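Listed here are the chains, written in short residue letters.
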Amino acid sequence: MPLPNAYAQYNNSKILTATPSELTLMLYEGAIKFCNIAISAVQQKDIEKAHKNIQKTQKIIEHFRMTLDMKYPVAKDFDRVYEYLEGRLIQANVKKDEEILNEVLEHLRSMRDTWKEVMRINREKGVVC
């Protein structure tokens with residue numbers, strides 16, 4: 001079996017066996033990865049690559065927004081943050097603005113780190129999410 005195929009199978013298995021909280025973490029990691037690629041593409045003046053990766057980041061943020069359970073008050077707060085990030089990504093895409101992308105990246109990293117901490121606390125409490 002060729003190595004790329006083995007890697008793809010491993011990633012697919014990882015996704016299929018992940019808990020919802022692990023999937024959320026993977027999405028944050030993906031958004032961070034795509035935002036980093038977009039920043040690099042902007043620096044290299046690769047407009048198409050920047051555009052594609054900004055859109056990938058946007059799609060993850062859109063997914064987060066669409067899956068919020070609005071019966072919880074904190075969901076409204078998350079919705080406002082995600083809405084803000086979507087707007088900033090649109091601006092970054094139109095302007096191909098590295099500074100805006102760095103701002104979005106900072107927010108994404110903070111949210112990912114907070115999510116990791118929530119997962120750690122729940123694990124310590126024996127809560128499976």
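Keep in mind it's a predicted model, so treat the numbers as computed, not measured.

Student: Can you help me understand helix H5 (residues 98-125) in this one?
Tutor: The end-to-end C-alpha distance of H5 is 40 Å, a good match for the 40 Å that 28 residues give at a rise of 1.5 Å each. Listed as buried for H5 are Ile100, Leu101, Val104, Leu105, Leu108, Met111, Arg112, Met119 and Asn122. Residues of H5 that are buried make contact with helix H2 (20-43), helix H3 (47-66) and helix H4 (73-95). For H5, the N-terminal cap is aspartate 97; the gap from its side-chain oxygen to the backbone nitrogen of glutamate 99 is 2.8 Å. After H5 finishes, the residue glycine 126 shows a positive phi value of roughly 80°.

Student: What exactly am I supposed to notice about the packing of H4 against H5 here?
Tutor: Packed helices, taken two at a time, are described by their axes: the angle between them and the distance between them. Contact pair H4 / H5: the axes reach a minimum separation of 9 Å and the direction vectors enclose 150°. Between H4 and H5, the crossing angle belongs to the class labelled roughly antiparallel. Note that H4 runs across H5; the crossing there is left-handed. Across the interface between the two elements, Phe78, Val81, Tyr82, Tyr84, Leu85, Arg88, Leu89, Gln91, Ala92 and Lys95 from H4 touch Ile100, Leu101, Glu103, Val104, His107, Leu108 and Met111 from H5.

Cut-off values and rules
Residues numbered from 1 in each chain as written. Predicted model: local features only at pLDDT ≥ 70, side-chain atom pairs only at ≥ 80, totals over all residues. Heavy atoms only, no water. Helix = DSSP H or I, 4+ residues; strand = E, 2+ residues; numbered from the N terminus. Expected span 1.5 Å × (residues − 1). Buried < 20%, exposed > 50% of the residue type's maximum accessible area, 1.4 Å probe, protein only. Contact = heavy atoms within 4.5 Å. Polar contact = N/O pair within 3.5 Å; in protein donor to acceptor, adjacent residues only side chain to side chain. Axes fitted to C-alpha atoms, helices over the stretch in contact; angles between N-to-C directions. Parallel < 35°, antiparallel > 145°, perpendicular 65-115°, else oblique. Left-handed = near helix turned anticlockwise from the far one by under 90°.

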